[in-house]
Amino acid sequence: MNDDIRNIVLGLVAAGISGTLGWLARTARWRRRLARMQDFFGLPANSQALLVVNRQAGQDGGVRRFDVFALLELSGLIKDCGAQMQVVWHDGAHQGVGEQTEFCVGGPVSNRRVEAHLRILLPGVRIDTEGVGPHLNAYRIGSQVYGADRGTEEYALLARVTPHGQERPVFLLCGQRSINNQAAARYLARHHGELARAHGKDSFCLLLRVVNSDAYGPDVVELVADVTTAARTAPVAAADGSG
């Protein structure tokens, strides 16, 4: 074997070794990212997630268009984890929490299960469903109030809460309008890696601002604040002034 042939063979061997090592490194990184994603969502391979769907007001069935888009965003995340999903109406989900990962979409009026989760898991959140104008669906979190300027500035809650003593989290995506629900789902899809690094498996509740949804749809979303402490703290009852 002359020197030229030897150099060619050595080059091919080196290229093969380098390619194999690169493939192994990429595979290892992919597996680590997948494991972090599965841990964050509580969705090991072949597990099952519950998607709790709201109903459009005034209809026996049917889901608003933007809520359907939100469900599609969430189903992609579930599929990426290698898990399966079960879709149920909010008034048909008669089971406890923490047994399997749950995604709840909608507000307390259209989604009865969201109302229960807010009352039990996030007692510091109040939503004014009786208000009018900018006060309709205004959020009261602790001492702060966040009203909606329809189509210009609206809010959504994105929460991950693991009930005490349970392993599987509940995700709440609760917007002041259905387009805000999709915005929260899209934010979760885009930022779940950052959220996993920041919070790990801990519970959190984030307040998101949806900017100019009339023009930008659900795409422009800003993180306003981490309101976990206030959201999980039940308001102090007013003192009884009776003597």
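Given the structure is predicted, the values throughout are model-derived calculations rather than measurements.

**Overview of the pattern of salt bridges**
Enumeration according to the criterion identifies eight salt bridges in this entry. Where Arg186 meets Glu73, a salt bridge forms, and the shortest distance between an N and an O atom there is 2.8 Å. Of this pair, Arg186 sits in helix 4 (residues 178-199) while Glu73 sits in helix 2 (residues 65-80), placing them 113 residues apart in sequence. Owing to a relative accessible area of 19%, Arg186 belongs among the buried residues under this scheme. Arg119 serves as the salt-bridge partner of Glu115, at 3.1 Å between the closest nitrogen and oxygen. Remark: Arg119 and Glu115 occur in helix 3 (residues 112-121); sequence separation between them is four residues, near one turn of the helix. Relative accessible area serves as the criterion here: at 48%, Arg119 is assigned to the partly exposed category. Salt bridges here are not isolated pairs; linked through shared partners, they connect Glu73, Arg186, Arg190 and Asp219.

**Overview of the sheet that holds strand 4 (residues 125-128)**
Here we have three strands laid out as an open sheet, ordered 4-5-6, and antiparallel in their pairing. Edge positions in the open sheet fall to strand 4 and strand 6 (144-146), since each of these has one partner strand only. Across the sheet, the axes of successive neighbouring strands diverge by a mean angle of 20°, strand direction being ignored. Sheet analysis places strand 5 (residues 138-141) next to strand 6, joined by three bridges and oriented antiparallel. Note on strand 6: the bridge partner recorded for Ile141 is Gln144.

**Points about the packing of helix 2 against helix 4**
Between helix 2 and helix 4, the shortest axis-to-axis distance is 7 Å and the interhelical angle comes to 15°. Classed by the angle they form, the pair helix 2 and helix 4 counts as roughly parallel. Classified by chirality, the crossing of helix 4 by helix 2 is left-handed. Note on element contacts: helix 4 touches helix 2 through Ser178, Ile179, Asn181, Gln182, Ala185, Arg186, Leu188, Ala189 and His192, opposite Phe66, Asp67, Phe69, Ala70, Glu73, Leu74 and Leu77. Class assignment for the residues of the contact of helix 2 with helix 4 results in nine nonpolar, four polar and three charged.

**Side note on the sheet that holds strand 8 (residues 170-175)**
On the basis of which strands lie adjacent, the open sheet formed by seven strands has the order 2-1-3-8-7-9-10 and mixed pairing. Looking at strand neighbours, the two that pair on one side only are strand 2 (84-89) and strand 10 (221-226), the edges of this open sheet. Neighbour to neighbour, the strand axes of the sheet diverge by 20° on average, direction disregarded. Here strand 1 (residues 48-53) pairs with strand 3 (residues 102-105) via three bridges, running parallel. Looking at strand 3, one finds that Leu50 is bridged to Glu102. Of the strands in this sheet, strand 1, strand 2, strand 3 and strand 8 are in contact with helix 2, which crosses strand 3 at around 165°.

**Re unusual backbone geometry**
Phi at Asn46 is positive, roughly 70°, even though this residue is not glycine. You will see that Asn212, though not glycine, has its phi angle at about 50°, which is positive. Structurally, Asn212 is set in the loop between strand 9 (204-211) and helix 5 (213-216). By relative accessible area, which is 27% here, Asn212 ends up partly exposed.

**Focus: the confidence of the model for the protein**
In the predicted model, the protein carries a mean pLDDT of 85, and the fraction of residues at 70 or more is 85%. When the criterion is pLDDT under 50, residues 238-243 qualifies, and its contacts beyond four places in sequence or with other chains add up to zero contacts.

**A few points about a nonpolar patch on the surface**
The grouping of Val68, Phe69 and Leu72 at the surface amounts to a nonpolar patch, some 240 Å² of accessible area in total. Residue position: Val68 is located in helix 2.

**Brief notes about the packing of aromatic side chains**
One pair of aromatic rings is described through two measures. These are the centre distance and the angle between the planes. Across all of its chains, the model carries eight aromatic pairs by this definition. Measuring from centroid to centroid gives 5.0 Å for Phe40 and Phe41, while their planes differ by 75°, and the two rings are edge-to-face. In textbook terms, an aromatic cluster arises when at least three aromatic residues are bridged by ring pairs, as seen for Phe40, Phe41, Phe103, Phe171 and Phe204. A cation sits over an aromatic face here: Arg65 above Phe66, 4.5 Å from the ring centre. Here the guanidinium or amino end of Arg160 rests over the ring plane of Phe40, the centre of that ring lying 5.4 Å away.

Here is what the cut-offs are and how they apply
- Residues numbered from 1 in each chain as written.
- Predicted model: local features only at pLDDT ≥ 70, side-chain atom pairs only at ≥ 80, totals over all residues.
- Heavy atoms only, no water.
- Salt bridge = Lys/Arg side-chain N within 4 Å of Asp/Glu carboxyl O.
- Helix = DSSP H or I, 4+ residues; strand = E, 2+ residues; numbered from the N terminus.
- Buried < 20%, exposed > 50% of the residue type's maximum accessible area, 1.4 Å probe, protein only.
- Pairing = 2+ DSSP bridges.
- Axes fitted to C-alpha atoms, helices over the stretch in contact; angles between N-to-C directions.
- Parallel < 35°, antiparallel > 145°, perpendicular 65-115°, else oblique.
- Left-handed = near helix turned anticlockwise from the far one by under 90°.
- Contact = heavy atoms within 4.5 Å.
- Nonpolar A, V, L, I, M, F, W, Y, C, P; charged D, E, K, R; others polar.
- pLDDT = per-residue confidence, 0-100.
- Patch = residues over 30% accessible without salt bridge, like charges linked within 9 Å, V, L, I, M, F, W, Y side chains within 5 Å.
- Areas by Shrake-Rupley, 256 points an atom, 1.4 Å probe, with all protein chains shown as cover.
- Phe/Tyr/Trp six-rings, centres within 6.5 Å; stacked < 30°, edge-to-face > 60°.
- Lys NZ or Arg CZ within 6 Å of the ring centre and 35° of its normal.

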